Amino acid sequence: SARTIAASLAQRAVTITAKAGAEGRLFGSVTANDIVAAVDEQFGISLDRKKVDISEPIRTIGAHSVSVALFADIVGTVRLEVVAR
């Protein structure tokens, strides 16, 4: 089941809308809670926010990649598209 979820996440991109300035910098940052909510809303997949590994804060619009621990030895990758409101 976890391998199926990892494969499903790898094939899709999650779109997150956030407020941004003219230079593409966000007012704030995209958090693990934002990612979990977007994955659940768009794909119906529930993730644990504590298992989302954001190496550095996401503070710009564009494409980003985040790792998610799904099971003991299974790590999935979530591709994010952050767009400005």
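What you see is a predicted model; the values in this text were computed from it and never measured. (Residues numbered from 1 in each chain as written. Predicted model: local features only at pLDDT ≥ 70, side-chain atom pairs only at ≥ 80, totals over all residues. Heavy atoms only, no water.)

A. Looking closely at the pairing of strand S6 (residues 74-84). Two elements, strand S1 (residues 13-18) and S6, share 6 bridges in a ladder whose sense is parallel. Note on S6: the bridge partner recorded for Ala13 is Arg79. For strand S5 (residues 62-71) and S6, the ladder comprises 9 bridges, and the chain directions are antiparallel. Residue Val66 lies in a different strand from S6, and its bridge partner there is Val78. Connecting S5 to the next strand, S6, in antiparallel fashion are 2 residues. (Pairing = 2+ DSSP bridges. Helix = DSSP H or I, 4+ residues; strand = E, 2+ residues; numbered from the N terminus.)

B. Spotlight on the sheet that holds S6. Here we have 4 strands laid out as an open sheet, ordered S1-S6-S5-S3, and mixed in their pairing. With partners counted over all chains shown, the strands left at the sheet margins are S1 and strand S3 (52-53), one partner each. Pairing analysis gives 2 bridges linking S3 to S5, with the strands arranged antiparallel. Across the sheet, the residue bridging to Asp53 is Ser67, located in S5. Helix H1 (residues 2-11) contacts S5 and S6 of the sheet and is inclined by roughly 30 degrees relative to S6. Contacts from helix H2 (residues 32-43) reach S1, S3, S5 and S6 within the one sheet, and its direction differs from that of S1 by about 120 degrees. (Contact = heavy atoms within 4.5 Å. Axes fitted to C-alpha atoms, helices over the stretch in contact; angles between N-to-C directions.)

C. Up close: the environment of Ala6. Secondary-structure assignment places Ala6 in helix H1. For Ala6, a relative accessible area of 14% gives the class buried. Through-space distance from the C-alpha of Ala6 to that of Ile74 is 7.7 Å; in sequence the pair is 68 residues apart. (Buried < 20%, exposed > 50% of the residue type's maximum accessible area, 1.4 Å probe, protein only.)

D. Up close: the environment of Val83. Of note, Val83 is situated in strand S6. Classification of Val83 by relative accessible area gives partly exposed; the value is 34%. For the pair Val83 and Arg3, spaced 80 residues apart in sequence, the C-alpha separation works out to 29 Å. The residues contacting Val83, other than those within four sequence positions of it, are Thr15, Ile16, Thr17, Ala18 and Ile61.

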